[in-house]
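Here is what each chain is made of, one letter per residue.
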Amino acid sequence: MLYALICRDKPGALQTRLDTREAHLAHIRQSGIVAMAGPLIEDGEMRGSLVILDAETLEQAQAWADADPYKAAGLFASVQLNEWKKVIG
């Protein structure tokens, strides 16, 4: 099942994102459940994340989100996790 994880950074937190980015990318590579991922861009600057997780359950997707180094660094102002259905692409 696919889940969309949509995270918005706290204002002025770009340096936190940059400092934690390699650990976040390692988490993506090591987990084996990330179908697609990338930063949300506003005014030419990374200010959030969209991660599509291919997980067996919502709880597994939530566990991935909870273990994300970005979360541990306190980067996000908001986090939304929803079941997602791929229709096109």
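Quick caveat, the model's predicted, so the values are computed rather than measured.

Trainee: Can you help me understand helix α2 (residues 58-67) in this one?
Mentor: Because an α-helix completes one turn every 3.6 residues, residues spaced three or four positions apart along the sequence face the same direction. Among all positions in α2, only Ala61, Trp64 and Ala65 are buried. The arc enclosing the buried residues of α2, seen along the axis, measures out at 95°, which places them on a common side. Buried residues belonging to α2 abut β1 (2-9), α1 (14-31), β2 (34-42), β3 (45-54), α3 (69-72) and β4 (76-84).

Trainee: What should I look at first to understand the side chain of Thr20 in this one?
Mentor: Relative to the helices and strands, Thr20 is located in helix α1. Of the residues examined, Thr20 reaches a relative accessible area of 12% and is grouped as buried. Discounting residues that sit within four places of it in the chain, Thr20 has contacts with Pro69, Tyr70 and Ala73.

Trainee: It is not clear to me how the environment of Val79 should be interpreted in this structure. Could you clarify?
Mentor: With respect to the helices, strands and loops of the structure, Val79 is situated in strand β4. Linking Val79 and Ser31, residues 48 residues apart in sequence, is a C-alpha distance of 19 Å. Not counting residues up to four positions away in its chain, the partners in contact with Val79 are Leu5, Ile6 and Cys7.

Trainee: When you look at the nonpolar core in this model, what are you seeing that I'm missing?
Mentor: Soluble globular proteins: nonpolar side chains tend toward being buried together. Of all hydrophobic cores here, the largest spans 16 residues; its most connected members are Tyr3, Leu5, Leu53, Ala61, Trp64 and Leu81. Looking at this core, the elements with two or more residues in it are β1, β3, α2 and β4.

Trainee: Help me understand the pattern of salt bridges, please; the structure alone is not making it clear to me.
Mentor: Here the idea is simple: oppositely charged side chains can pair when their charged atoms come close. Across all of its chains, the model carries six salt bridges by this definition. One salt bridge in this structure joins Arg47 and Glu42, with 3.7 Å as the shortest N-O distance. Glu45 is the partner of Arg47 in a salt bridge, and the nearest nitrogen-oxygen pair spans 3.3 Å. By relative accessible area, which is 28% here, Arg47 ends up partly exposed. Ionic contacts of the salt-bridge type, sharing partners, join the residues Arg8, Glu42, Asp43, Glu45 and Arg47 into one network.

Parameters and conventions
- Residues numbered from 1 in each chain as written.
- Predicted model: local features only at pLDDT ≥ 70, side-chain atom pairs only at ≥ 80, totals over all residues.
- Heavy atoms only, no water.
- Buried < 20%, exposed > 50% of the residue type's maximum accessible area, 1.4 Å probe, protein only.
- Helix = DSSP H or I, 4+ residues; strand = E, 2+ residues; numbered from the N terminus.
- Arc of directions from axis to C-beta.
- Contact = heavy atoms within 4.5 Å.
- Core = buried A, V, L, I, M, F, W, Y, C linked by side-chain atoms within 4.5 Å.
- Salt bridge = Lys/Arg side-chain N within 4 Å of Asp/Glu carboxyl O.

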